[in-house]
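# Structure assessment
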Amino acid sequence: MRPLTYSRARDVGDAIALAAASPASAFLAGGTNEVDLIRAGVSRSGHLVDINDLPLTAVEDRPGGGLRIGALARMTDVARAPIVVRRFPAISRALLLGASEQLRNMATMGGNLCQRTRCPYLRDGVSPCNKREPGTGCSALDGLNRGHAILGTSERCIATHPSDVAVALVAFDAVIRTAGPGGERAIAADDFFLLPGDTPEVEHPLAHGELIVGIDVPGEPLGIGSVYLKFRDRQSYEFALVSVAAAVEAEDGIVTGVRLALGGVGTKPWRARRAEAALVGGPADEAAFRRAAALELDAAVPRRYNAFKVELARRAVVRGLTHSLRGARP
Ligand SMILES: Cc1cc2nc3c(=O)[nH]c(=O)nc-3n(C[C@H](O)[C@H](O)[C@H](O)COP(=O)(O)OP(=O)(O)OC[C@H]3O[C@@H](n4cnc5c(N)ncnc54)[C@H](O)[C@@H]3O)c2cc1C
């Protein structure tokens, strides 16, 4: 048995100081991921800093139609907040399609962004895994890789990022606000999630003791017509094989603005920038959506069991854009 100590932070400064004081510390928010990984022997945390007393639960209006979401806002509360539902239905939907009602009532936004991959080779605690034990190899490369990534992979890691809401946040250029021993920072969501490259064990740019305090979503009129679609092996309580956050607007049949990101296919929530660039100024029709989807998926590196994701992702993009354009609820 490994010893585990616990302290409860009074405020943000206290949380940072408590975490920074112990090299093996981790923040404890909802605990739905961290506690699982401690039990499985995957997390090496030896000291938990409980942050649940910090006043970071609000979902607030921002000038220009944006949102400010506290890091400790529960997934359920964010999903059902009227300003989120009205301005960014894709964010609300991505949250509601994740996990289960009980988990969403516990799980926080900050914890969701920092959750670790569901790759079974990381979680079994024994298989070679460069994320868990750098230098041991990636068992998924030649293993059971049906659920694994096809975009942003490296020869060291092909694990997907599991978060749904992160996909919608990346699509809308959200900014992660942090406070840590080195001061405050604002990190673009797209830069917060790191590609595995040669260092798959480094998943985000947070320094030890650096706390996510909130997430800002800039105002974006396109958000109102946004959709989030999730394709998975069963209709609920399952991670995405492919998901898409999409928002598109057109004038006289020509695309004037688009936001597109994919989940379940990338080693990070995948902003489909190539597809976005190809769409703007072109026809807003299915043929153009197909071409853009194919262009984005050109970069895919499929493995033995996950090649089906290439076509599934192409179709998901077309469906997401079509739903958004029609203003249809999926
Ligand atoms: C069965 C199951 C199914 C699930 N299905 C889905 C799904 O379909 N889609 C989906 O998106 N998610 C899914 N999840 C994941 C779930 O959403 C996450 O476990 C949850 O969001 C984590 O939040 P938490 O507050 O419980 O984090 P915790 O477990 O408390 O923390 C997770 C990590 O984040 C760190 N952390 C927490 N808060 C902060 C902060 N403010 N600043 C810095 N670091 C912080 C912790 O130290 C820890 O490393 C599922 C989980 C389970 C168990």
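Quick look at the structure, then. Since this is a predicted model, take the numbers as computed values, not measurements. (Residues numbered from 1 in each chain as written. Predicted model: local features only at pLDDT ≥ 70, side-chain atom pairs only at ≥ 80, totals over all residues. Heavy atoms only, no water.)

## A short note on the sheet that holds strand S6 (residues 175-180)
Here is the rule: Whether two strands pair comes down to DSSP finding at least two bridges between them. Going along the chain from the N terminus, every DSSP run of H or I of four or more residues is numbered as a helix, and every run of E of two or more is numbered as a strand. Fitted lines through C-alpha atoms give the axes, limited to the stretch in contact for helices. The angle between two N-to-C directions lies from 0 to 180 degrees.
Ordered by their spatial adjacency, 5 strands build an open sheet running S4-S5-S8-S6-S7, and the pairing between neighbours is antiparallel. Edge positions in the open sheet fall to strand S4 (59-62) and strand S7 (183-188), since each of these has one partner strand only. Here the average twist between neighbouring strands, direction ignored, is 25°. Both S4 and strand S5 (residues 66-70) contribute to a ladder of 4 bridges, which runs antiparallel.

## What to know about the sheet that holds strand S9 (residues 227-231)
Quick note on the threshold: By definition in these notes, contact holds between two residues if any of their heavy atoms fall within 4.5 Å.
Taking strand neighbours across the sheet as the criterion, the 4 strands line up as S9-S10-S11-S12 in an open arrangement whose pairing is antiparallel. The open sheet has two free edges, formed respectively by S9 and strand S12 (270-271), since each of these has just one partner strand. Strand direction decides the pairing type here: strand S11 (residues 254-263) and S12, joined by 2 bridges, are antiparallel. Directly across from Leu262, in S12, lies its bridge partner Trp270. Packing against the sheet, helix H13 (residues 308-326) makes contact with S9, strand S10 (242-251) and S11, and its axis sits at approximately 40° to S10.

## Focus on the packing of aromatic side chains
Note the threshold: Pairing of aromatic rings covers Phe, Tyr and the six-membered ring of Trp, with a centre-to-centre limit of 6.5 Å; geometry is then stacked below 30 degrees between planes, edge-to-face above 60, and tilted otherwise. Categorising residues by exposure relies on relative accessible area from a 1.4 Å probe, with only protein chains included: less than 20% of the type maximum marks a residue as buried, more than 50% marks it as exposed, and the intermediate range marks it as partly exposed.
In total, this model carries 2 aromatic pairs according to the counting rule given. Pairing Phe88 with Phe172 gives two aromatic rings, centres 5.1 Å apart and planes at 70°, and the pair type is edge-to-face. Taken together, the residues Phe88 in the loop between helix H4 (82-87) and helix H5 (89-96) and Phe172 in the loop between helix H9 (165-171) and S6 connect sequence positions 84 residues apart. We note that Phe88, like Phe172, is buried. Relative to Phe193, the ring of Phe192 has its centre 5.2 Å away and its plane inclined at 85°; by these criteria the two rings are edge-to-face. Across this residue pair, the class does not change: Phe192 and Phe193 are buried.

## Quick notes on the environment of Thr5
This is how the line gets drawn: Within 3.5 Å is the distance limit for a polar contact, defined as a pair of N or O atoms, with the added protein rule that one can donate a hydrogen and the other accept it, and that residues adjacent in sequence qualify only through two side-chain atoms.
Mapped onto the elements, Thr5 comes out in strand S1 (residues 5-8). Sequence separation between Thr5 and Ser45 is 40 residues; the distance between their C-alpha atoms is 9.3 Å. Leave out the neighbours within four places in its chain, and Thr5 touches Gly46, His47 and Leu48. Only 2.6 Å separates the side chain of Thr5 from the side chain of His47, close enough to count as a polar contact.

## A look at the side chain of Ser7
Mapped onto the elements of the fold, Ser7 is located in strand S1. Among the polar contacts made by the side chain of Ser7, one reaches the side chain of His47 at a distance of 2.9 Å. Aside from chain neighbours lying at most four places away, what touches Ser7 is Leu18, His47, Leu48, Val49 and Asp50.

## Quick notes on the site of the ligand
Definition in use: Near, as used in this document, describes a residue that has one of its heavy atoms within 4 Å of the molecule or strand being considered. To be clear on the numbers: accessible area is Shrake-Rupley with a 1.4 Å probe, and residue cover counts the displayed protein chains and nothing else.
Neighbouring the ligand are 33 residues, the closest being Phe27, Gly31, Thr32, Thr108 and Asp164. One of the side-chain N or O atoms of Thr32 is found 2.6 Å from an oxygen atom in the ligand. Residue Ile212 places a main-chain N or O atom 2.8 Å away from a nitrogen atom belonging to the ligand. About the coverage of the ligand: the protein hides 92% of its 970 Å² of free accessible area. For the shell around the ligand, the secondary-structure elements that each account for two or more residues are strand S2 (25-28), helix H7 (109-114) and strand S8 (211-217).

Read these as layout, nothing more, since geometry by itself doesn't imply function.
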